[in-house]
Amino acid sequence: MLFKSPPDIRPSEITDQAVYLDRRRFLCTAAVTGAAVLAAPQLASAAVSLGEIKPGPFSTDEQPNSYDDITSYNNFYELGTGKSDPKVNARYLKTDPWSVTIDGEVSKPGTYALEDLLAPHAIEERTYRLRCVEAWSMVIPWNGIPLGDVLKRFEPTSRAKYVAFTSILDPENLPGQRRSVLDWPYVEGLRIDEAMHPLTLLAVGLYGEIMPNQNGAPIRLVVPWKYGFKSAKSIVRITLTEDQPPTSWNLSSAREYGFYSNVNPEVNHPRWSQAKERRIGEFFKRPTLPFNGYGDQVASLYNGMDLKANF
Ligand SMILES: Nc1nc2c(c(=O)[nH]1)N[C@H]1C(S)=C(S)[C@@H](COP(=O)(O)O)O[C@H]1N2
Ligand SMILES: [Mo]
């Protein structure tokens, strides 16, 4: 599918969107037809085009949430702490131009304009479950590239044991960063094998459109077997490190949020159960699966580890 986004054309006005939705069998679903096709998505940036999107591995065939659900119920504290704040405040996130620095334990560090970072890679479509630590979940058709493929270009050294992610710092524009709800900028981290795992995605779009601001434009992490907060949004720096990097939620409350944060129905948050979750748009709760249902792919990363101690 060819996708271009000149600033004056809304992606939803282009036939590709209808083709895309048709391919996803979405047009058959009465409830979604109006909302998903007619909704006017907020364009994040004209600097990036997704180009041809190829089907990727690991997609769930569960029904994706609607475009409207995915873009109006968000956690993005830089744009406010309420679930509807990120959409309302989306315009305060300035994404054009955007560059990403990759440094630390790599042989070839550098700062790249987003277009150049993406250029060598084919954008894939991957429909993943996202399970928030707050016990809600969604199914999201992401467009992105495996993080591992990007990291390899920068040639990690043998001392690279972890990967640290830093989100945008722009308190002049981002209303949430003028309050100290978290230590800004938002930081996250993965162990190197988690970062290199083929499931781990750098996402630049969803539903075939460039990433809406409220979902972490223009580039965000997606780690589907971990609680949503591991998936840092609006990334400006990726640093390979020898030591385990600090992470925002762990810094704010270490007893509630560990470094690993793998989805685990058997390890409750100190203030609530993690055994069940509510899929946004559904009424009844469903059981939460170990590793958010991705255990076949990732459980072996944690062989021999006590996942109750390393929560
Ligand atoms: N920079 C940044 N990244 C972030 C957050 C945030 O507040 N700031 N929230 C996290 C949380 S708690 C979740 S559940 C997911 C939500 O992603 P979504 O809004 O695209 O569903 O983003 C994560 N990434
Ligand atoms: Mo979350």
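Caption draft 1: Looking closely at the sheet that holds strand S11 (residues 235-241). Here we have five strands laid out as an open sheet, ordered S3-S2-S11-S6-S7, and mixed in their pairing. Taken across any chain shown, the strands that pair with only one partner, and hence form the sheet edges, are strand S3 (110-113) and strand S7 (187-191). Going from strand to strand, the sheet's axes swing by 15° on average, the running direction of each strand aside. Bridging between strand S6 (residues 162-167) and S7 involves five bridges; their strand directions are antiparallel. Bridging across to S7, Tyr162 finds its partner in Arg191.

Caption draft 2: Here's a closer look at the site of ligand 1. Near ligand 1 you find 17 residues, and of these Asn74, Tyr77, Glu78, Arg220 and Lys233 are the closest. Note that a nitrogen atom of ligand 1 is positioned 2.8 Å from one of the backbone N or O atoms of Ser231. If ligand 1 stood free it would expose 540 Å²; the protein chains cover 98% of that surface. Residues belonging to the shell around ligand 1 are distributed by class as follows: eight nonpolar, six polar and three charged.

Caption draft 3: Quick peek at the environment of Thr60. When you line up the elements, Thr60 lands in the loop between strand S1 (53-55) and helix H3 (67-72). When the C-alpha positions of Thr60 and Pro141 are compared, they lie 9.2 Å apart, and in sequence the two are 81 residues distant. Setting aside residues up to four positions removed in sequence, Thr60 forms contacts with Thr127, Tyr128, Arg129 and Val139. Here Arg129 takes part through its side chain, which lies 3.5 Å from a polar atom of the side chain of Thr60.

Caption draft 4: A look at the pattern of salt bridges. Going through the model one piece at a time under the given rule, you end up with 18 salt bridges. Put simply, Arg286 and Glu62 hold a salt bridge, and the shortest N to O gap is 3.2 Å. Linking Arg286 in strand S13 (residues 286-287) with Glu62 in the loop between S1 and H3, this pair joins segments that are 224 residues apart in sequence. Assessed through its relative accessible area of 21%, Glu62 is described here as partly exposed. Here Arg271 ties to Glu256 by a salt bridge, and the two come within 2.5 Å at their closest N and O atoms. With Arg271 in the loop between helix H8 (248-252) and strand S12 (276-279) and Glu256 in the loop between H8 and S12, this pair connects stretches of sequence that are 15 residues apart. Of the residues examined, Glu256 reaches a relative accessible area of 15% and is grouped as buried.

Caption draft 5: Examining unusual backbone geometry more closely. A cis geometry characterises the amide bond from Asp96 onward to Pro97, with omega recorded as 10°. As for its position among the elements, Pro97 is in the loop between helix H4 (85-88) and strand S2 (99-104). The step from Ala217 to Pro218 runs through a cis peptide bond, and the omega angle for that step is -5°. Looking at the element boundaries, Pro218 is found in the loop between strand S9 (209-210) and strand S10 (220-222).

Caption draft 6: Layout of the packing of aromatic side chains. Per the counting criterion, the structure on display carries twelve aromatic pairs. Pairing Tyr67 with Tyr207 gives two aromatic rings, centres 6.1 Å apart and planes at 50°, and the pair type is tilted. Of the two residues, Tyr67 sits in helix H3 while Tyr207 sits in the loop between strand S8 (201-206) and S9, which places them 140 residues apart along the sequence. Tyr207 shares its class with Tyr67; the two are buried. Centre to centre, the rings of Trp249 and Tyr257 are 5.3 Å apart; their planes meet at 65°, and the pair counts as edge-to-face. Using a relative accessible area of 8% as the deciding quantity, one classes Tyr257 as buried. Members of the aromatic cluster, each reached through a chain of ring pairs, are Tyr162, Phe259, Tyr260, Phe291 and Tyr302. Of note, Lys83 hangs over the ring of Tyr73, and the distance from its end group to the ring centre comes to 5.9 Å. The ring of Tyr294 is capped by Arg129, whose NZ or CZ atom sits 4.7 Å from the centre of that ring.

Caption draft 7: Here's a closer look at the pairing of S7. With five of its five residues buried, S7 lies for the most part within the structure. Here S7 shows a buried face lined by Val187, Gly189 and Arg191 and a second buried face lined by Glu188 and Leu190.

Caption draft 8: Region of interest: the nonpolar core. Counting residues in each nonpolar core, the largest one holds 74 residues, and the members touching the most others are Trp142, Phe165, Leu202, Ile219, Trp225 and Ile238. When near neighbours in sequence (up to four residues on either side) are disregarded, Ile219 contacts Trp98, Val100, Leu114, Leu117, Leu118, Leu202, Ala203, Val204, Lys233, Ser234 and Ile235.

Caption draft 9: Focus on the environment of Arg91. Along the chain, the position of Arg91 falls in the loop between H4 and S2. Sequence separation of Arg91 and Gln214 is 123 residues, and the distance between their C-alpha atoms is 9.0 Å.

Caption draft 10: Seen up close, the pairing of S11. Burial analysis of S11 places five of its seven residues in the buried class, the great majority of the element. In this structure, S2 lies alongside S11, joined through four bridges in parallel fashion. By the bridge assignment, Asp103 is partnered in S11 with Thr239. One ladder, built from six bridges, connects S6 with S11; its direction is antiparallel. If you follow Val163 over to S11, its bridge partner there is Leu240.

About the thresholds
- Residue indices follow the written sequence of each chain, beginning from 1 at its first position.
- Note on labels: chains are lettered from A, ligands numbered from 1, in written order.
- In view of the model being predicted, local features appear only for residues whose pLDDT reaches at least 70, and side-chain atom pairs are presented and counted only at 80 or more, with totals across whole chains, interfaces and linings using the full set of residues.
- Water and hydrogen atoms were dropped before computing side-chain values, which therefore reflect all heavy atoms in the structure.
- In short, DSSP must find at least two bridges between two strands for them to pair.
- What counts as a helix is a DSSP run of H or I of at least four residues, what counts as a strand is a run of E of at least two, and both are numbered from the N terminus.
- Axis definition: a line fitted to C-alpha atoms, limited for helices to the stretch in contact. Angles are taken between N-to-C directions and run from 0 to 180 degrees.
- It suffices for a single heavy atom of a residue to lie within 4 Å of a molecule or strand for the residue to be listed as near it.
- Within 3.5 Å is the distance limit for a polar contact, defined as a pair of N or O atoms, with the added protein rule that one can donate a hydrogen and the other accept it, and that residues adjacent in sequence qualify only through two side-chain atoms.
- Note on areas: Shrake-Rupley, 1.4 Å probe, and residue coverage restricted to the protein chains presented here.
- Asp, Glu, Lys and Arg are counted as charged, while Ala, Val, Leu, Ile, Met, Phe, Trp, Tyr, Cys and Pro are counted as nonpolar; the rest, among them Gly, fall into the polar class.
- By definition, residues are in contact when any of their heavy atoms lie within 4.5 Å.
- Should a side-chain nitrogen of Lys or Arg be within 4 Å of a carboxyl oxygen of Asp or Glu, the pair is scored as a salt bridge.
- Each residue is assigned to one of three classes by its accessible area relative to the maximum for its type, calculated with a 1.4 Å probe on protein chains only: buried under 20%, partly exposed between the two thresholds, exposed over 50%.
- Any Phe, Tyr or Trp ring, taking Trp's six-membered ring, that has another such ring centre within 6.5 Å forms a pair; planes under 30 degrees apart are called stacked, those over 60 apart edge-to-face, and the others tilted.
- Each ring is checked for a lysine NZ or an arginine CZ that lies within 6 Å of its centre and within 35 degrees of its normal; such an atom marks a charge sitting over the ring.
- Take the buried residues of types Ala, Val, Leu, Ile, Met, Phe, Trp, Tyr and Cys, join any two whose side-chain atoms come within 4.5 Å, and each joined set is a nonpolar core.

These values are about where atoms sit, not about what they do.
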